[in-house]
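The primary structure of each chain is shown beneath.
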Amino acid sequence: KCPLPALPPAPRSVNWPGQAGSDTAALAQPPPPPPPRAQTSPGPVKVGAVPNRRLGSVRGVPMSSPPGRRPRLSSPGTGRSSSEARDELRRRLLGLIEGNRVMIFSKSYCPHSTRVKELFSSLGIECNILELDQVDDGANVQEVLSEITNQRTVPNIFVNKVHMGGCDRTFQAHQSGLLQKLLQEDSAYDYDLIVIGGGSGGLACAQEAAILGKKVMVLDFVVPSPQGTSWGLGGTCVNVGCVPKKLMHQAALLGQALSDARKFGWEYHQQVKHNWETMTEAIQNHIGSLNWGYRLSLREKAVAYVNAYGEFVEHHKIKATNRKGQETYYTAAKFVLATGERPRYLGIRGDKEYCITSDDLFSLPYCPGKTLVVGASYVALECAGFLAGIGLDVTVMVRSILLRGFDQEMAEKVGSYMEQHGVKFLRKFIPVLVQQLERGSPGKLKVVAKSTEGPETIEEVYNTVLLAIGRDSCTRKIGLEKIGVRINERSGKIPVNDMEQTNVPYVYAVGDILEGKLELTPVAIQAGKLLARRLFAGRLEKCDYVNIPTTVFTPLEYGCCGLSEERAIEVHKKENLEVYHTLFWPLEWTVAGRDNNTCYAKIICNKSDNYRVIGFHVLGPNAGEITQGFAAAMKCGLTKQLLDDTVGIHPTCGEVFTTLEITKSSGLDITQKGC
């Protein structure tokens, strides 16, 4: 069997400003009677679809049809499956889009289509037109077009393979000058794709595009933190996020394991203490090997890597500035923004001078000593947890609630466990001044804080102040305003459509800078790979941002997938929900004499949808490992009955989800008496 030829790249699609549906009525509605031919004539525009039901010179389409028959874009065949016919139709449509400078899918009686044809005629631009009401399979064509573009209206317009949209959006592009720019495009770009940002999402997209045969460049430059910290290729996760965080969390768990070991018969007499420098050196060595691995992978795939700061200077053109201030200019047909985020500062006296952030902590050359962690984010609680776990005096200063955006019952249980195990919490306070008392490694810092509920102020001395109050998107200083890419002015986040496309058709974005999306490494990787496949391999799969699992690596880990209880009530109403829950005691904790009735599991079920599990939450050891498997089950439509029908693995923590019986609404006691 001969393999099918590769599909042409999928066209780009974009969300444009303007009213939805303003271009035409929905294609599903019955068409109005055709107006007189004089009203639909596009004048001097050269068209592919011409009178007498002929397709004319549109490439990839038969030139004429038998007498009495309307032409077809797809071959009907007799033994072909509907799937094969659909694939062929899609291939031919993509061929039309790829092979024509301007391709318009229209209906001969549509006044909006007429306006667009007249616009191109006035510009003296030759365009190819397929009138969907003049081909036998017009309904199939518009259905496949809607899959490709997410647009179900005509006209549906492409300029140099860029999906412009409909009538209103094309006229907006004409008024802004973007249409003229796209009409002038040719293949004289330096690269097919330039990715700005060398984090997980950007690298995944770049490498996938290179595998698909495209010429790709990655620009990556880490602006040093106020304390002077910078790092190598790989982004936040590898260098100053997930990887070093999990390793330091493991260091703290090993300390707990040493304590438990005596109860299991291990005898040791020498004093056990933790060495910060040994730990950080080992972790940084591992990170260095990952940095090198990324560079090697880019080299093997022929991706150009430039350690320089990227900034747009005009459409399709970017300036790259290296550490020495040398500037080089590059052009590309498409760009992907993957610049990520950096920690936010308080904006008070002494914060940037004396405080550190997660950017600095994991490579800190000395033990931080007595530490104040400011913030209640997962970064704040994770860092506070492992610092306390290696024996440090740790205080967390919280302005309002813990783990905003997470299930608040679970968040409070996380905080309660930390407090019971030595982490102090200062609730409803914010720092107003950080003053250096002594230099050193570490030195001494005085922190003055003010109550959020009254005039009370407090002050305390710490060796280190770690800020973890949120992160800001790195989008404001890369020249986006020069090419018209819109950002959320308050947050710096970039609005995109479900194709990760910005309002500028050739610019896309992935990762933490996306508005309304989860800031998680695996999400960015998935989105980056799928984006490259849509752009360069004609694929249609989009990143699914629903039911994304995650874990907070606090001393007692918290894993979740789906909706929090608060969000579930907001979306589905309390009367439509059933919450099953229980406390449990891990077998490993029994002999060690660790806390009973501390670990907690709950699922939130939608009663009106066959008790489908819409929220999964677990607080206990190895919560991340437990959550991953249940997340896959939720993707498959997990219900309470399916959980009940599942045989658990004994003795494990995960099996508790196969035996859940008590509902919150029953009010019954959930404390456990045994393992």
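Throughout, a residue's number is its position along its own chain's written sequence, starting from 1. For this predicted model, a pLDDT threshold of at least 70 governs which residues receive local features, and a threshold of 80 or more governs which side-chain atom pairs are given and counted, while totals over whole chains, interfaces and linings are taken from all residues. In computing side-chain values, all of the structure's heavy atoms are included and hydrogens and water are not.

- An unreviewed UniProt entry lists the protein under the name Thioredoxin reductase 3, with Ursus americanus given as the organism.
- UniProt positions are given in the numbering used here, feature names are shortened, and annotations may be inferred rather than shown by experiment. Taken from UniProt, the Subunit (unreviewed entry) comment for the protein reads in full: "Homodimer."

**Remarks on the packing of helix 9 (residues 242–261) against helix 13 (residues 378–389)**
And then number 1: As a packed pair, helix 9 and helix 13 sit with axes 8 Å apart at the nearest point and diverge in direction by 35°. Considering only the axes of helix 9 and helix 13, their crossing is left-handed. Residues Lys 245, Met 248, His 249 and Ala 252 of helix 9 touch helix 13, and the partners they reach there are Glu 382, Phe 386 and Gly 389.
And then number 2: Ten residue types, Ala, Val, Leu, Ile, Met, Phe, Trp, Tyr, Cys and Pro, are classed as nonpolar, four, Asp, Glu, Lys and Arg, as charged, and the remainder, Gly among them, as polar. Considering only residue class, the contact of helix 9 with helix 13 consists of three nonpolar, two polar and two charged. In this description, a line fitted to the C-alpha atoms serves as the axis of each element, helices being fitted only across the stretch in contact, and the angle between N-to-C directions of two axes falls anywhere from 0 to 180 degrees. Strands here mean DSSP runs of E at least two residues long; helices mean DSSP runs of H or I at least four residues long; both are numbered from the N terminus. Handedness of each helix crossing follows the sense of rotation of the near helix against the far helix: counterclockwise by less than a right angle gives left-handed, clockwise gives right-handed. Whether two residues are in contact is decided by their heavy atoms: any pair within 4.5 Å suffices.

**Quick word on the packing of aromatic side chains**
And then number 1: Centres within 6.5 Å are what make two rings of Phe, Tyr or Trp a pair, Trp counting through its six-membered ring; a difference in plane orientation under 30 degrees is then read as stacked, over 60 as edge-to-face, and the rest as tilted. Counted by the stated rule, this structure contains 11 aromatic pairs.
And then number 2: Plain terms: the ring middles of Phe 105 and Phe 158 are 6.0 Å apart, the flat faces sit at 85° to each other, and that makes the pair edge-to-face. Taken together, the positions of Phe 105 in strand 1 (residues 102–106) and Phe 158 in strand 3 (residues 156–159) put the pair 53 residues apart, joining distant regions of the chain. Neither residue differs from the other here; Phe 105 and Phe 158 are each classed as buried.
And then number 3: By definition here, charges over rings are those cases where NZ of Lys or CZ of Arg is within 6 Å of the ring centre and within 35 degrees of the ring normal. Positioned over the ring face of Trp 589 is Arg 594, at 4.1 Å from the centre of the ring. With a 1.4 Å probe rolled over the protein chains alone, any residue whose accessible area is under 20% of its type maximum counts as buried; one over 50% counts as exposed, and the rest are partly exposed.

**Considering the environment of Ala 302**
And then number 1: Within the secondary structure, Ala 302 sits in the loop between helix 10 (276–300) and strand 7 (304–306).
And then number 2: Note on Ala 302: relative accessible area 64%, which makes it exposed.
And then number 3: When the C-alpha positions of Ala 302 and Gly 213 are compared, they lie 9.6 Å apart, and in sequence the two are 89 residues distant.

**Considering unusual backbone geometry**
And then number 1: For the peptide bond that leads from Val 154 to Pro 155, omega is 0°, which places it in the cis range.
And then number 2: Secondary-structure assignment places Pro 155 in the loop between helix 4 (138–149) and strand 3.
And then number 3: For the peptide bond that leads from Ser 441 to Pro 442, omega is 5°, which places it in the cis range.
And then number 4: Positionally, Pro 442 belongs in the loop between strand 16 (429–438) and strand 17 (444–451).
And then number 5: Within the chain, Asn 610 stands out as a residue other than glycine whose phi angle is a positive 60°.
And then number 6: Assignment of secondary structure puts Asn 610 in the loop between strand 25 (599–606) and strand 26 (612–619).

**Some thoughts on the sheet that holds strand 17**
And then number 1: The three strands are arranged 16-17-18 in an open sheet whose pairing can be described as antiparallel. The outermost strands of the open sheet, each flanked by one partner alone, are strand 16 and strand 18 (457–462). In this sheet, adjacent strand axes meet at a mean angle of 20° when their direction is disregarded.
And then number 2: Two strands pair if DSSP finds at least two bridges between them. When strand 16 meets strand 17, the two strands line up antiparallel, connected through eight bridges.

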